[in-house]
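What follows is each chain in one-letter form.
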Amino acid sequence: MKGSKKSIKRVSIMLMLMFVLCAVYLVKIVYFDRQNMMVNSYNPRINSADTTIKRGDIRDIDGHVFAYSEYSQDEGGYVRKYNGAETSCQVVGYTGAGKYGVEASQNFILQNVDSELFQRLRSFIKGTEVQGDSVYLTVDKDLQDLASKLMGSNKGAVVVEEVSTGRILCMVSKPQFDPQNVAESWDSLKDDENSPLLNRASQGLYTPGSVFKIVTAVSAIRNIPDVYSFTYDCKGEQNFENKVIHCYNNKSHGSENIVDAFANSCNVFFSVLGTKTGAEALRQTADEMLFNEGVPFDLSVSAPSVQVNSLSTESELVETSIGQGRTMVTPLFMAAVAQSIANNGIMMRPYIIDHIVNYDEMVIETTIPEIYSNILNQAEAEKLREMMIEVINRGTGFNADSDYFQVAGKTGTAENPGGNDHLWFVGFAPADSPQYAVSVVLENGDGSANASVIARKMLYNTINRDELK
Amino acid sequence: MFDLLIIISRYLFVIYIAVFLYNGTAYLLDEAGLTRHSHRRSIFTCRTMTALMHITAFLILSYDRQAITYSIPYLLIGAAGFVFIIMSNFVAEKVYKGGCPLIWNCVIFLLDTGIIMLVRLNFPLAVRQLVWICVGFFVTMWIPVFVKMVPKFEKLESVYIILSFMLIISTLVLGSKEYGSRNWIHMGKLSFQPSEIVKFLYIFYLASVFRKKVNLKEFIITAFLSALLVILLVFQKDLGSALIFFMTYMVMLYISTSNELLFFSGIGALSVGSVIAYRLFSHVRVRVAAWKDPWADIDSGGYQICQSLFAIGTGGIFGSGLTRGMPLSIPVVSKDFIFAAICEEFGTIYAICLIGVFMLLFIRGMMIAFQCRRRYYSIIAAGFTAMMAFQTFLIIGGVIKLIPLTGVTLPFVSYGGTSILVSILAVSFIQWVNGYQKASEGNEVPNT
């Protein structure tokens, strides 16, 4: 064969390989990247709605129908109806003006017509409805209603997560709205200064206050060799560089070790711990516990953040140590942290979509719980559990003490310039074999409700869920 | 009922293109002497598939849902398209007696896919596209005559390269910007991209130089002039054309010298050049950043590519069905991003098969180059094939984020008069070479 002919052959092979590569890459996109692309909020198709088909239902874990579609002669197409979804409004979402919540993230599922050819043919011959797939959530409407009731007029959020799986049984955000009337009241809802449309549980960023002492404690355990024998004499306040740290009500806690100080939620002690470990070590622990990354979820989430480093001033460091400063977390993320402590340090990926059924009620997809990350080792998780039990038994969390099981938890009171303190409780129960983790935040709590009490009642009612029926 | 038709059509389109591809491949294997099939039947089946695809698509496209009736202008354009499919095959075979029917089939299939997509996206553009296609075929008919008139056109290398430079430089003076690249010239109502015309001149130039053994001096001059051309294009921000020119040069150089060392040092030079261009030009950095992580900058730099990926991903393997997707949310969808629109509505299987149709076309082109015994024509056929192949790869790879995006058109499919003309003419030259080879097979032609 002549040289140039051989070269032509080689060039041809090279050209063909380029196109094979394109084809392979296309397959990759459709098989691996498809899900993420479909639900991306920048994808305009997320708002597409085909009113000629019956959009699938959104149901709670027991089958209660939150959202369904009904044919309307007037509209000449299907319209969306909501039923008992007020307490779950941010989770279920809306379709009236844009889309939000599960209505947005599962839009393609709800609009996906399973066995479309069969359904269309059947519809053509027998006049049956062409129906999209329905979504079963992991939340329980009874728990949603209960949490809403317990929160009363307070703004804030409640999250209950199953420890072994990451399943979200309750996710409530207040204030709420009626998903049925979103389109009509869009202007007032959108501009409402209380932002009822925002899912505070997954997207609300709050100063954690004392619940952040969990991180400071882990950082101390990891970085201070004699941490358990270290004691400090709390006088109710302490001077640091350009900053005076006060304990709650300026109460002096006296000489205490880390367990006492955690139970008392002593600001002075934890500020001193912060200065002992240093800003870089504290931030590193926070990073390792995903406090600068967050955890993925089926709905939109905001990422938590902890911003201290070696350049931070001492006042920034001590503020961060007690959960003030520029530290921000979401209630969902704190629930995941409590879940991890209860689960030997293993964080499960939280999820709210339980399974998906087709037009024939046949299950076509079920969420399998998955490990997301290992944020603590077993010894650290065990120590935190002990400390969180002490919080309930002899510390600030006495309101969460239950007659039926041992609760473990941590309270928090987050100062914020915009009004009353935010009240926090994160914890889990039963402490010896944890089933559920809880995270409660009351925004600018007015004293009409208590985060620890809500947490206790939510834990009790989740563990005894059958009694609610 | 109508939805039922669209649902079924999703599978029909896949069947049409799969059968087309199967028969095209059978023909190709035959032509390569590997199997023995009926040529005639393969070719006839391919044509039937094109016609069926056209009819199915226009049954969907011309239906007006609001009025519950068929729209006359759409039906007319559909009928005109159908007449074109029949006529073009007929005319092409009359004019190019030795031309390869598979190539015409692939070209017409691709052109028709483009027309269907354009009717769906933007009706007036589709009408103009059809006119351009007809103009293209009309011009094509005169190429054999033109080649006969200028028998010594392999001796005009200096004319080609001088004209090339004049055209490229003219855009610097007269050009206007479109999508960030200064590579268009407007003359009254007409506008064209000089770099598209230079593609021809450049390939003729290289073939003229490489038709005989090149000495070192000739080699250096060619390399220098080619590099200068590429650099000028980079300065005009026409990265796509710059890459196409460079790769075409490399391929033609390799085919005529068979020197791997030269080829790989060329690729090395490309890498070095890319790094320099990356450092030097912000528009190169923007493209690369948008390719590496489009999601990070989804509001500006990564917007186009993200919208393209959304369309491809949402469409899925069988697509949304013709008219049921949202391809209009993709920027420049009728030109650079038409492949993403095809992926969305026809589905990934169809899109992969469409890549297969391009592959058939290019393999056949390369086979013609391989079979042709006159070196000059062989190099021309290889050059045109490689040029179109690189252009196809650049834009398909770009819209699926396999490689950084360079704004070039998808040959035969994208909207654009210049693009359509150039693609049809390029194929015509390849066909002419095949005809020449077939005609000369009886009487031995000395290798030159």
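Quick caveat: nothing in here was measured; it's all calculated off a predicted structure.

Participant: It is not clear to me how the overall build of chain A should be interpreted in this structure. Could you clarify?
Facilitator: A count of helices and strands for chain A gives 17 helices and 17 strands. Counting only C-alpha atoms and orienting by the principal axes, one finds that chain A spans roughly 80 × 75 × 40 Å. Across the 469 residues in chain A, those meeting the buried criterion constitute 51%.

Participant: Would you explain the overall build of chain B in this entry?
Facilitator: Tallying secondary structure elements over chain B gives 17 helices and five strands in all. The globule rule puts the C-alpha radius of gyration for 448 residues at 22 Å, and the 22 Å found for chain B is close to it. Principal-axis analysis of the C-alpha atoms gives chain B an extent of 70 × 55 × 45 Å. The buried share among the 448 residues of chain B stands at 52%. Counting contacts in chain B only where the partners sit at least 6 residues apart, residues at least 24 apart contribute 71% of the total.

Participant: Please explain the interface of chain B and chain A as it appears in this structure.
Facilitator: Buried accessible area, meaning the area lost when the parts come together, often serves as the stated size of an interface. Taken together, the 40 residues of chain B in the interface contact 36 residues of chain A. Contributing elements (two or more residues each) for the side of chain B that touches chain A: helix H1 (2–31), helix H10 (239–257), helix H13 (303–315), helix H15 (348–371) and helix H16 (375–399) of chain B. The element best represented in the side of chain B that touches chain A is H15 of chain B, accounting for 11 residues. Here the side of chain B that touches chain A is built from residues that sort into 31 nonpolar, eight polar and one charged.

Participant: Could you clarify how one ought to interpret the packing of helix H2 (residues 39–61) of chain B against helix H4 (residues 101–121) of chain B in this entry?
Facilitator: Helix-helix packing: each pair is described by the crossing angle between the helix axes and the interaxial distance. All names here are of chain B. The geometry of H2 relative to H4 is characterised by a closest axis approach of 10 Å and an angle of 5 degrees between their N-to-C directions. Considering their axes alone, H2 and H4 lie roughly parallel with respect to each other. In this structure, H2 uses Ile 43, Cys 46, Arg 47, Thr 50, Met 53, His 54, Ala 57 and Leu 61 to contact H4, whose residues at the interface are Pro 101, Leu 102, Asn 105, Ile 108, Phe 109, Asp 112, Ile 116, Val 119 and Arg 120.

Participant: Sorry if this is basic, but what is going on with the sheet that holds strand S5 (residues 155–162) of chain A here?
Facilitator: In a beta sheet, neighbouring strands pair by backbone hydrogen bonds and run either parallel or antiparallel. Residue and element names in this part refer to chain A. One open sheet holds the five strands; their spatial order is S6-S5-S17-S16-S15, and the pairing between them is antiparallel. One side of each edge strand has no neighbouring strand; the edge strands of this open sheet are strand S6 (168–174) and strand S15 (408–414). For this sheet the average axis-to-axis angle between neighbouring strands, irrespective of direction, equals 5 degrees. Pairing of S15 with strand S16 (residues 422–429), which is carried by seven bridges, proceeds in the antiparallel orientation. Bridge pairing in S16 links Gly 412 to Trp 424. Seen against the sheet, helix H6 (residues 141–151) touches S5 and S6 and runs at an angle of roughly 35 degrees to S6.

Participant: Please explain the domain arrangement of chain B as it appears in this structure.
Facilitator: All names here are of chain B. Looking at the assigned domains, one finds that chain B contains domain 1 (2–141 + 286–440) and domain 2 (153–280). One C-alpha centre belongs to domain 1, the other to domain 2, and the line joining them spans 26 Å. Counting residues per element, the side of domain 1 that touches domain 2 draws most heavily on H16, which supplies 12 residues. Classifying every residue of the side of domain 1 that touches domain 2 by side-chain character gives 13 nonpolar, six polar and two charged.

Participant: Just to check I follow, could you spell out the sheet that holds strand S12 (residues 353–357) of chain A for this structure?
Facilitator: Residues and elements named next belong to chain A. Spatially, S3-S2-S1-S4-S12-S13 is the arrangement adopted by the six strands of the open sheet, whose pairing is mixed. In the strand order of this sheet, the two ends are held by strand S3 (77–82) and strand S13 (363–366), each with one partner. Where strand S1 (residues 58–59) and strand S2 (residues 65–72) come together, two bridges link them in antiparallel fashion. Residue pairing for S2: Ile 58 is matched across the bridge by Ala 67.

Participant: Any chance you could explain helix H7 (residues 157–174) of chain B here in plain terms?
Facilitator: An α-helical turn contains 3.6 residues, so a residue and the one three or four places further along point in the same direction. All names here are of chain B. With 18 residues, H7 extends 26 Å from end C-alpha to end C-alpha; this agrees with the ideal 26 Å at 1.5 Å per step. For H7, the set of buried residues is Glu 157, Tyr 160, Ile 161, Ser 164, Ile 168 and Thr 171. End-on, the buried residues of H7 take up no more than an arc of 95 degrees, which puts them together on one face. Within H7, the exposed residues directed more than 90 degrees away from the buried face are Ser 158, Met 166, Ser 170, Val 173 and Leu 174.

Participant: How should I be thinking about the environment of Asn 199 of chain A in this particular structure?
Facilitator: Residues and elements named next belong to chain A. Structurally, the position occupied by Asn 199 is in the loop between helix H7 (186–191) and helix H8 (200–203). A residue is classified by how many C-beta atoms lie within 10 Å of it, and Asn 199, with 25 of them, is buried. Between the C-alpha atom of Asn 199 and that of Asp 62, which follows or precedes it by 137 residues, the distance is 23 Å.

Participant: Quick question: what am I supposed to make of unusual backbone geometry here?
Facilitator: Note: most peptide bonds trans; most residues except glycine with negative phi. Residues and elements named next belong to chain A. With an omega of 0 degrees, the peptide bond between Lys 174 and Pro 175 qualifies as cis. Relative to the helices and strands, Pro 175 is located in the loop between S6 and H7. Cis rather than trans, the peptide bond between Ala 429 and Pro 430 has omega equal to -20 degrees. By secondary structure assignment, the location of Pro 430 is in the loop between S16 and strand S17 (436–443). Although it is not a glycine, Asn 242 adopts a positive phi angle of roughly 60 degrees. Mapping Asn 242 onto the fold places it in the loop between strand S8 (237–240) and strand S9 (243–246). Asn 242 gets classed as exposed once you count the C-beta atoms within 10 Å, which come to 10.

Participant: Can you walk me through the pairing of S8 of chain A in this structure?
Facilitator: Consecutive residues of a regular strand have side chains that alternate between opposite faces of the sheet. Residues and elements named next belong to chain A. Of the pairings in the sheet, the one linking S8 to S9 comprises four bridges and is antiparallel in character. Residue Gln 238 lies in a different strand from S9, and its bridge partner there is Ile 245. Hairpin connection of S8 to S9: two residues between the antiparallel strands, including Asn 242 at a positive phi of 60 degrees.

Participant: What's the story with helix H5 (residues 123–141) of chain B in this structure? I'm lost.
Facilitator: Residue and element names in this part refer to chain B. Taking 1.5 Å of rise per residue, 19 residues should cover 27 Å, and H5 covers 28 Å from first to last C-alpha, within 8% of that figure. Taken residue by residue, H5 has Ala 126, Gln 129, Leu 130, Ile 133, Gly 136, Phe 137 and Thr 140 as its buried positions. When H5 is viewed along its axis, its buried side chains cluster within an angular range of 120 degrees and face the same direction. Away from the buried face of H5 by more than 90 degrees, exposed residues Pro 124 and Phe 138 are located. Where the residues of H5 are buried, they touch helix H3 (72–95), H4, helix H6 (143–149) and helix H17 (417–440).

Participant: What exactly am I supposed to notice about the packing of H4 of chain B against H15 of chain B here?
Facilitator: All names here are of chain B. As a packed pair, H4 and H15 sit with axes 9 Å apart at the nearest point and diverge in direction by 145 degrees. H4 and H15 meet at a crossing whose hand is left-handed. Touching Leu 102, Ile 103, Cys 106, Val 107, Phe 109, Leu 110 and Thr 113 of H4 are Leu 354, Val 357, Leu 360, Leu 361 and Arg 364, all from H15.

Participant: I keep staring at the nonpolar core and nothing clicks. Help me out?
Facilitator: Across soluble globular proteins, you tend to see nonpolar side chains buried next to one another. Judged by nonpolar contacts, the single largest core of 152 residues is most densely connected at Val 107, Phe 339, Ala 351, Val 357, Ala 381, Ala 382 and Val 433 of chain B. The element contributing the most residues to this core is H15 of chain B, with 19 residues. Mapped onto the domain boundaries, this core takes at least three residues apiece from domain 1 (2–141 + 286–440) and domain 2 (153–280) of chain B. Among all residues touching Phe 339 of chain B, those that are not within four sequence positions of it are Ala 351, Ile 395, Ile 396, Val 399 and Leu 410 of chain B. Judged by nonpolar contacts, the second largest core, of 113 residues, contains Ile 245, Ile 375, Val 426 and Val 441 of chain A.

Participant: Please explain the confidence of the model for chain B as it appears in this structure.
Facilitator: In low-pLDDT regions, the fine details of the predicted coordinates are not to be read closely. Residues and elements named next belong to chain B. Averaged over all residues, the pLDDT of chain B is 88; the fraction at 70 or higher stands at 95%. Mean pLDDT in chain B bottoms out at strand S3 (residues 176–178), which sits at 62, and peaks at helix H14 (residues 338–346), which reaches 96. Predicted confidence for residues 444–448 stays below pLDDT 50, and this span has nine contacts to residues more than four positions away or in other chains. With a pTM of 0.79, the predicted complex shows an ipTM of 0.93.

Participant: Help me understand the environment of Ile 46 of chain A, please; the structure alone is not making it clear to me.
Facilitator: Residue placement: Ile 46 of chain A occurs in the loop between helix H1 (3–39) and S1. In this structure Ile 46 of chain A touches Val 39, Ser 41, Lys 99, Ala 104 and Asn 107 of chain A, once residues within four positions along its chain are discounted.

Participant: Is there a simple way to think about the environment of Trp 142 of chain B in this case?
Facilitator: When you line up the elements, Trp 142 of chain B lands in the loop between H5 and H6. A sequence separation of 82 residues divides Trp 142 of chain B from Phe 224 of chain B, and the C-alpha atoms of the two residues are 34 Å apart.

Rules of the game
- Residues numbered from 1 in each chain as written.
- Chains lettered and ligands numbered in written order.
- Predicted model: local features only at pLDDT ≥ 70, side-chain atom pairs only at ≥ 80, totals over all residues.
- Helix = DSSP H or I, 4+ residues; strand = E, 2+ residues; numbered from the N terminus.
- Buried ≥ 20, exposed ≤ 12 C-beta atoms within 10 Å, placed from the backbone.
- Rg over C-alpha atoms; globule rule 2.2 N^0.38 Å.
- Contact = placed C-beta atoms within 7 Å.
- Nonpolar A, V, L, I, M, F, W, Y, C, P; charged D, E, K, R; others polar.
- Axes fitted to C-alpha atoms, helices over the stretch in contact; angles between N-to-C directions.
- Parallel < 35°, antiparallel > 145°, perpendicular 65-115°, else oblique.
- Pairing = 2+ DSSP bridges.
- Domains from an automatic or database assignment.
- Expected span 1.5 Å × (residues − 1).
- Arc of directions from axis to C-beta.
- Left-handed = near helix turned anticlockwise from the far one by under 90°.
- Core = buried A, V, L, I, M, F, W, Y, C linked by C-beta atoms within 7 Å.
- pLDDT = per-residue confidence, 0-100.

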